[in-house]
Amino acid sequence: LSAPERIVGAIELALGATGPLAGQHVVVTAGATREAIDPIRILTNRSTGKMGYAIARAAIQAGARVTLISAPTNLSPVEGAEMIDIESALELLDAVQTHVAGADALIMAAAVADYRPLDVATDKIKKADADMAIQLTRNPDILATVGTPGAIRVGFAAETRDHEANALGKLERKNLDMIVANDAREAMGSDENAVTLYFRDGRIETLGRDAKTDLAQQIVARVGALILARRAPSL
């Protein structure tokens, strides 16, 4: 981190000490996982990790203790977060299982590869005259696999069509409290986004196009409200 980034990070930590998420542990995942084909080549996607990193920073500003589990990105580490570096979906699964225990919220902003090569070549695959086929196998569904007793569960649905139907399907299948839906073609690589939030209780909230940093603050505010509602004694 540069000196200005360290100064900003220190100010954020100081301001967050008494913030609305003070004392809460939030686990955030970010970036595009990489699935090895051979020692040189990978399968991945266009996610930059900007949304996940912005959410991690917003959670710190709100006072949370943040664990940021990140696939490779070109972004600077988030000052004040516990940074956990991973590459593949299987590594991400292991890291989430390790660090989510006792957490108050899990926010899965990472773009996880649905498939990985069934066999990874130990040496670089050489070019040949014939076509080549790579057999893929399904990666585990991390949110559907990992148990998070007592934690708020937030997923992302980056879609190119049928946004609402796909988001609501994921909300139910993955047992989420909230899912953030957006158009993947507009979101990936951009500093801006427009999202729709779908909640377990049926609420729907649209956040118009804005900087990802500003959207992250609004998303974290909703997560904070969900944490407080879950912790509040029932009347």
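Figured I'd write up the structure that's included with this text. Remember, it's a predicted structure, so these values are computed and weren't measured experimentally.

## Observations concerning the overall build of the protein chain
Counting secondary structure elements, the protein chain contains seven helices and 12 strands. A compact globule built from 235 residues should have a C-alpha radius of gyration of about 18 Å, and the protein chain, at 18 Å, falls within 12% of that. Seen through its C-alpha atoms, the protein chain measures out along the principal axes to roughly 70 × 45 × 35 Å. Buried positions account for 45% of the 235 residues belonging to the protein chain. Summing over all exposed atoms, the protein chain offers an accessible surface of approximately 12,300 Å²; the carbon and sulfur share of this is 51%. Across the protein chain, 25 positive and 30 negative side-chain charges occur, with their mean positions spaced 1 Å apart.

## Brief notes about helix 2 (residues 50-61)
Its 12 residues give helix 2 an end-to-end C-alpha distance of 16 Å, which sits within 8% of 16 Å, the value for a rise of 1.5 Å per residue. Most of helix 2 sits inside the fold, with nine of its 12 residues counted as buried. Listed in full, the buried residues belonging to helix 2 are Met51, Gly52, Tyr53, Ala54, Ile55, Ala56, Ala58, Ala59 and Ile60. Gly63 sits one or two positions beyond helix 2 and adopts a positive phi of about 105 degrees.

## Structural notes on the nonpolar core
Ile55, Met178 and Ile219 are the most contacted members of the largest nonpolar core, which has 37 residues in total. Secondary structure elements with two or more residues in this core: strand 1 (25-30), helix 2, strand 4 (65-70), strand 6 (105-108), strand 9 (152-159), strand 10 (178-183), strand 11 (192-199) and helix 7 (212-231). Sorting elements by how many residues they give to this core places helix 2 first, with eight residues. Apart from residues lying up to four places away in sequence, Ile55 is in contact with Val28, Ile107, Phe156, Ala216, Ile219 and Val220. The next biggest cluster of nonpolar side chains, apart from the first, holds 24 residues, and it includes Val27, Ala95, Ile142 and Val146.

## A look at a nonpolar patch on the surface
Among the surface-exposed residues, Tyr115, Met132, Ile134 and Leu136 lie close enough to one another that they form a single nonpolar patch of about 390 Å² accessible area. Take Ile134: it is sitting in the loop between strand 7 (115-117) and strand 8 (136-138).

## A few points about unusual backbone geometry
Its identity is not glycine, yet Asp162 carries a phi of approximately 50 degrees, on the positive side. Mapped onto the elements, Asp162 comes out in the loop between strand 9 and helix 5 (163-173).

## Some details on the pattern of salt bridges
The tally for this structure, following the rule as stated, stands at 11 salt bridges. The residue Lys174 makes a salt bridge to Asp141 at a minimum N-O spacing of 2.6 Å. Note that Lys174 is positioned in the loop between helix 5 and strand 10 and Asp141 in the loop between strand 8 and helix 4 (142-145), a separation of 33 residues in sequence. The class for Asp141 is partly exposed, based on a relative accessible area of 25%.

## With respect to the pairing of strand 6
Covered by surrounding structure in strand 6 are Ala105 and Ile107 together with Leu106 and Met108, the residues of both alternating faces. For strand 1 and strand 6, the ladder comprises four bridges, and the chain directions are parallel. Among the inter-strand pairings, Val26 is bridged to a residue of strand 6, identified as Ala105. As paired strands, strand 6 and strand 9 are joined by four bridges and run parallel to one another. Looking across to strand 9, one finds that Ile107 is bridged to Val154.

## Points about the packing of aromatic side chains
Applying the stated criterion to the full structure yields zero aromatic pairs. In this arrangement the basic side chain of Arg138 is found over the ring face of Tyr115, its NZ or CZ atom lying 5.7 Å from the centre. Directly above the aromatic system of Phe199 lies the positively charged group of Arg203, at a separation of 3.9 Å from the ring centroid.

## Points about the side chain of Ser47
Tracing the backbone through its elements, the reader meets Ser47 in the loop between strand 3 (42-43) and helix 2. A polar contact of 3.4 Å, which involves the side chain of Ser47, links it to the backbone nitrogen of Gly49. When neighbours within four sequence positions are excluded, Ser47 is seen to be in contact with Gly31, Ala32, Ala111 and Met188.

Cut-offs applied
- Residues numbered from 1 in each chain as written.
- Predicted model: local features only at pLDDT ≥ 70, side-chain atom pairs only at ≥ 80, totals over all residues.
- Heavy atoms only, no water.
- Helix = DSSP H or I, 4+ residues; strand = E, 2+ residues; numbered from the N terminus.
- Rg over C-alpha atoms; globule rule 2.2 N^0.38 Å.
- Buried < 20%, exposed > 50% of the residue type's maximum accessible area, 1.4 Å probe, protein only.
- Areas by Shrake-Rupley, 256 points an atom, 1.4 Å probe, with all protein chains shown as cover.
- Lys, Arg positive; Asp, Glu negative; His and termini not counted.
- Charge placed at Lys NZ, Arg CZ, Asp CG, Glu CD.
- Expected span 1.5 Å × (residues − 1).
- Core = buried A, V, L, I, M, F, W, Y, C linked by side-chain atoms within 4.5 Å.
- Contact = heavy atoms within 4.5 Å.
- Patch = residues over 30% accessible without salt bridge, like charges linked within 9 Å, V, L, I, M, F, W, Y side chains within 5 Å.
- Salt bridge = Lys/Arg side-chain N within 4 Å of Asp/Glu carboxyl O.
- Pairing = 2+ DSSP bridges.
- Phe/Tyr/Trp six-rings, centres within 6.5 Å; stacked < 30°, edge-to-face > 60°.
- Lys NZ or Arg CZ within 6 Å of the ring centre and 35° of its normal.
- Polar contact = N/O pair within 3.5 Å; in protein donor to acceptor, adjacent residues only side chain to side chain.

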